[in-house]
Number of protein chains: 6
Amino acid sequence: MIYLTRRERFNAAHRLFNPDWPDEKNYQIYGKCSNPNWHGHNYELFVTIKGNLKEELGFVINIRSLSEIIKKYIINEIDHKNMNLEVKFMNGKVASTENLAVAIWETLLPHINKMGAELHMVKIVETENNSVEYFGD
Amino acid sequence: MIYLTRRERFNAAHRLFNPDWPDEKNYQIYGKCSNPNWHGHNYELFVTIKGNLKEELGFVINIRSLSEIIKKYIINEIDHKNMNLEVKFMNGKVASTENLAVAIWETLLPHINKMGAELHMVKIVETENNSVEYFGD
Amino acid sequence: MIYLTRRERFNAAHRLFNPDWPDEKNYQIYGKCSNPNWHGHNYELFVTIKGNLKEELGFVINIRSLSEIIKKYIINEIDHKNMNLEVKFMNGKVASTENLAVAIWETLLPHINKMGAELHMVKIVETENNSVEYFGD
Amino acid sequence: MIYLTRRERFNAAHRLFNPDWPDEKNYQIYGKCSNPNWHGHNYELFVTIKGNLKEELGFVINIRSLSEIIKKYIINEIDHKNMNLEVKFMNGKVASTENLAVAIWETLLPHINKMGAELHMVKIVETENNSVEYFGD
Amino acid sequence: MIYLTRRERFNAAHRLFNPDWPDEKNYQIYGKCSNPNWHGHNYELFVTIKGNLKEELGFVINIRSLSEIIKKYIINEIDHKNMNLEVKFMNGKVASTENLAVAIWETLLPHINKMGAELHMVKIVETENNSVEYFGD
Amino acid sequence: MIYLTRRERFNAAHRLFNPDWPDEKNYQIYGKCSNPNWHGHNYELFVTIKGNLKEELGFVINIRSLSEIIKKYIINEIDHKNMNLEVKFMNGKVASTENLAVAIWETLLPHINKMGAELHMVKIVETENNSVEYFGD
């Protein structure tokens, strides 16, 4: 069993905000992160898959294929976008890194499975001090 | 003559956009960076000052004072903000890293001078691949 | 189950030294790390908690609260201090990164639990080449 | 149980290539990575061991000994070498990062065990975007 | 006058070797870097241009155009290649980082000038410990 | 003219403290950095030399020789030491990064000159946020 990790990057705007709550409550909970005029980040996304190593090939799956899948289903949807307004897989969700990690997991899972590998981890580094990992349960 | 550099960080939303041009021209020049729904970055700001070393003090100026000045006049104004809409020193300017470097230089210059040092460089790292330096002329 | 990691930093002096052993034995085992005049490091501390994601909140716990807890109980006690002489939670222990990881775990555990999360990992990066992780058992 | 990680680095040439396949198939699968004139990388190797913390020593094992073992059995064999032509533990294998991680695991395992520790993980970072982890099964 | 820096990356094989010298002299001077079976690196290339800031545009030149020029004339020629055997602009030169920096400068210079900017610096980071800068004279 | 930079690292204890001043004044100026029980850092030292490129050699000077000089005269004197008590070239000086940069410049200068190169810059990175550069005047 080998674990293979690909890093991709994207830049996006967001705000932490629950539309069911009054502005005051949003501000109380999320502070400056709920600024209605948005702020943004350089996100680093690490996707780890695992599977059996085919020794004569040297791979579980080709990391170029993994990169293409991540770019097609995630980066193209979110890079240089507003996470609250324009990203289908974040629709109706609080635009936190935690919810984002789960949404990316769910979006990638069927595509990773089709490649004959298991999705192991989605990790998002939002700033050099803050990161989130999700393992699917 | 010693050169002293302090790094501070901020996260902001922006779009590259000149309001004097039609949307089409903005898109042609700035591409996805002109997305009207904004995107954002983790910006790293490096401020370098220079001056004579007072050997018995070991400093040109105290780096804590330099940090306080940058936080007061720059970070507090721009962190978790929308650079196009909310940041006074970017008012009426295209929100590019280049214009931002010049605006930060001009904002910091009188305060650095009051401390008895010379401002040498403002450097902004927008992504791991893109950065801008300004030396004041 | 989401894993959330906060990085905090501190600078401290220490020496590797067991007072029950003669200097010679200390030197034999710890080499230059047992220098009686001390040396020091920039330590990076990564604290990972885990818990159920409250989707309408987007959080397990607020990362700002996690940061405050780490600062209050760890960083304020050890930053710019001598780990052997001044840090209560290292009292009577060899000032190794390994013992430090365990001591930080034990110090943080009740406070993390009170927040409704589980402490998952304490990781300390002592140099770019050396790091230690502790998972509580 | 403490986890201790040592990073070592090496630079090597390689190509992805299975000699049982025609050049065309190698190119189809490995693309530019199968260039017959070789290319190369700065590899970062992270070796993690685990074991019981001897508190009066502050160590599981001395990280200097771990570093010496890695240098003797791995770095000296592969640094500034051609992975396909000159490295015994890669002999007859496709020179992928995945196969390399397994080969390094197998080479280190008896030496780590002799030190009274368990080998936990071999991680290789090939580029800032691509990495592989192996846990021994 | 604004300074704009773009980072691009490439992986290549090389050896330090002067064909006018006997193997012994090559080994004496270059040590393990002259291994006839090659070794390789992840190279980071930083290209800095300077010029007048067009404030209504926010740019000296568009960093995307700078990136395209570097990719077309440098990265496509050297990435996943053997620097001694396959790279036209290194033809007949010792494959050192120093000679490489000069060759990249000379290759890029006319293309940067055509863009209306001045080439200021070519910097190559060969390892985390070794780097070279060239300013054109 | 080529600029060549070598990075070396050391770990040391220090305190900011002028013995001619009462403790109170030291504390007022240097704050927690004047803790009498010391603290410490992982220092990164970047030494840049410049000189004419000998094209048939590919070097100004061999970076291995530069590394050896820095290790012999600087790293061996300061690594795992107390900068205030044990380091000859810091004797009688306030142990600031600024004074350290000047002292390292003065210590290295004659040795760099003997190698046929010019010393261009000594840069010290004390923390990820604080650094100092000295160019010799």
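Here, the structure is the one placed above.
Okay, so let's go over this structure.

Criteria and cut-off values
- Residues numbered from 1 in each chain as written.
- Chains lettered and ligands numbered in written order.
- Predicted model: local features only at pLDDT ≥ 70, side-chain atom pairs only at ≥ 80, totals over all residues.
- Heavy atoms only, no water.
- Contact = heavy atoms within 4.5 Å.
- Buried area = accessible area lost by both parts, 1.4 Å probe.
- Salt bridge = Lys/Arg side-chain N within 4 Å of Asp/Glu carboxyl O.
- Least-squares fit on C-alpha atoms with pLDDT ≥ 70 in both.
- Buried < 20%, exposed > 50% of the residue type's maximum accessible area, 1.4 Å probe, protein only.
- Helix = DSSP H or I, 4+ residues; strand = E, 2+ residues; numbered from the N terminus.
- Pairing = 2+ DSSP bridges.
- Polar contact = N/O pair within 3.5 Å; in protein donor to acceptor, adjacent residues only side chain to side chain.
- Nonpolar A, V, L, I, M, F, W, Y, C, P; charged D, E, K, R; others polar.
- Axes fitted to C-alpha atoms, helices over the stretch in contact; angles between N-to-C directions.
- Parallel < 35°, antiparallel > 145°, perpendicular 65-115°, else oblique.
- Left-handed = near helix turned anticlockwise from the far one by under 90°.
- Phe/Tyr/Trp six-rings, centres within 6.5 Å; stacked < 30°, edge-to-face > 60°.
- Lys NZ or Arg CZ within 6 Å of the ring centre and 35° of its normal.

### Quick notes on the interface of chain E and chain B
Every contact between the two is made by 16 residues of chain E and, on the other side, 21 residues of chain B. Counting each side, the surface lost to burial between chain E and chain B is near 1700 Å², with a carbon and sulfur contribution of 48%. It is Ile2(E), Tyr3(E) and Arg7(E) that lose the most area in chain E upon contact with chain B, and together they represent 28% of the buried surface on that side. For the interface between chain E and chain B, the tally reads 1 salt bridge.

### Let's talk about the relation of the copies chain E and chain B
Between the two copies, chain E and chain B, the superposition gives an RMSD of 0.0 Å; the rotation angle is 120 degrees and the shift along the axis is 0.0 Å. Here the symmetry operator amounts to a three-fold rotation axis. Judged by C-alpha distance, Glu128(E) is the residue of chain E that lies nearest the rotation axis, at 8.9 Å.

### Regarding the arrangement of the chains
Regarding chain B and chain C, which are not in contact, the minimum distance between any of their C-alpha atoms is 15 Å. At the level of C-alpha atoms, the two units chain D and chain F stay apart, their nearest approach being 15 Å.

### A word on the relation of the copies chain B and chain A
Overlay of chain B on chain A (RMSD 0.0 Å): rotation 180 degrees, translation along the axis 0.0 Å. With respect to symmetry, the two chain copies, as superposed, fit the operation of a two-fold axis. A high fraction, 100%, of the interface residues of chain B reappear at the interface in chain A, so the copies pair face to face through one surface.

### Description of the pairing of strand β2 (residues 39-51) of chain A
Residues and elements named next belong to chain A. The buried count for β2 comes to 11 of 13 residues, which makes it a mostly enclosed element. With 13 bridges joining them, strand β1 (residues 2-14) and β2 adopt antiparallel strand pairing. Bridge pairing links Ala 12 to His 41 in β2. Where β2 and strand β4 (residues 118-125) come together, 7 bridges link them in antiparallel fashion. Paired with Leu 45 across the two strands is Ile 124, which belongs to β4.

### So, the interface of chain B and chain A
The interface of chain B with chain A comprises 24 residues on the first partner and 24 residues on the second. A combined buried area of about 2000 Å² lies between chain B and chain A, and 42% of that area is made up of carbon and sulfur atoms. Contact with chain A buries area across many residues of chain B, yet Asn37(B), Asn42(B) and His80(B) alone supply 29% of it, more than any other trio. A salt bridge links Asp79(B) to Lys32(A); the shortest N-O distance between them is 2.9 Å. At the boundary of chain B and chain A, one finds 21 residue pairs in polar contact (both at pLDDT 80 or more). With 5 residues, strand β1 (residues 2-14) of chain B is the largest single contributor of residues to the side of chain B that touches chain A. Residues that form the side of chain B that touches chain A fall into these classes: 5 nonpolar, 11 polar and 8 charged.

### Description of the pairing of strand β5 (residues 130-134) of chain C
All names here are of chain C. For β5, a buried count of 5 out of 5 residues is recorded, marking the element as mostly surrounded by other parts of the structure. Side chains Asn 130, Val 132 and Tyr 134 project from β5 onto one buried face, and the interleaved Ser 131 and Glu 133 project onto a second face that is buried too. Pairing of strand β4 (residues 118-125) with β5 involves 4 bridges; the strand directions are antiparallel. Looking at β5, one finds that Ile 124 is bridged to Val 132. The turn linking β4 back onto β5 is made up of 4 residues.

### Thoughts on the environment of Asn11(D)
Tracing the backbone through its elements, the reader meets Asn11(D) in strand β1 (residues 2-14). You can call Asn11(D) buried: its relative accessible area is 9%. Between the C-alpha atoms of Asn11(D) and His80(D), which are 69 residues apart in sequence, the distance is 5.3 Å. Excluding its chain neighbours within four sequence positions, the residues that come into contact with Asn11(D) are His41(D), Asn42(D), Ile78(D), Asp79(D), His80(D), Lys81(D), His39(E), Gly40(E), His41(E) and Thr127(E).

### Describing the pattern of salt bridges
Any two side chains of opposite charge can pair, so long as their charged atoms come close to each other. According to the stated counting rule, one finds 36 salt bridges over all chains in the structure shown. One connected set of salt bridges, linked through shared partners, spans Arg7(A), Arg9(A), Glu44(A), Glu128(B), Glu128(D), Arg7(E), Arg9(E) and Glu44(E).

### Topic: the packing of helix α2 (residues 63-78) of chain F against helix α3 (residues 97-114) of chain F
Residue and element names in this part refer to chain F. Relative to each other, α2 and α3 sit at 140 degrees, their axes nearing to 10 Å. As far as their axial angle goes, α3 and α2 are oblique. Two packed elements cross with a definite hand, and for α2 against α3 that hand is right-handed. The residues of α3 that touch α2, namely those facing Leu 66, Ile 69, Ile 70, Tyr 73, Ile 74 and Ile 78, are Leu 100, Ile 104, Thr 107, Leu 108, His 111 and Ile 112.

### Notes on the packing of aromatic side chains
Two aromatic rings are characterised by how far apart their centres lie and by the angle between their planes. Across all of its chains, the model carries 30 aromatic pairs over all chains by this definition. Geometrically, the ring pair formed by Tyr3(B) and Phe135(F) is edge-to-face, given 5.0 Å between the ring centres and 80 degrees between the ring planes. Highlighted residues: Tyr3(B) in strand β1 and Phe135(F) in the segment after β5 (130-134), drawn from two different chains. Judged by relative accessible area, Phe135(F) falls into the partly exposed class, the value being 27%. Between Trp21(D) and Tyr30(D), the ring centres sit 6.2 Å apart and the planes meet at 20 degrees, which makes this aromatic pair stacked. Neither Trp21(D) nor Tyr30(D) differs from the other in exposure class; each is buried. One Lys or Arg, Lys123(C), reaches over the ring of Phe46(C) and ends 5.9 Å from the middle of that ring.

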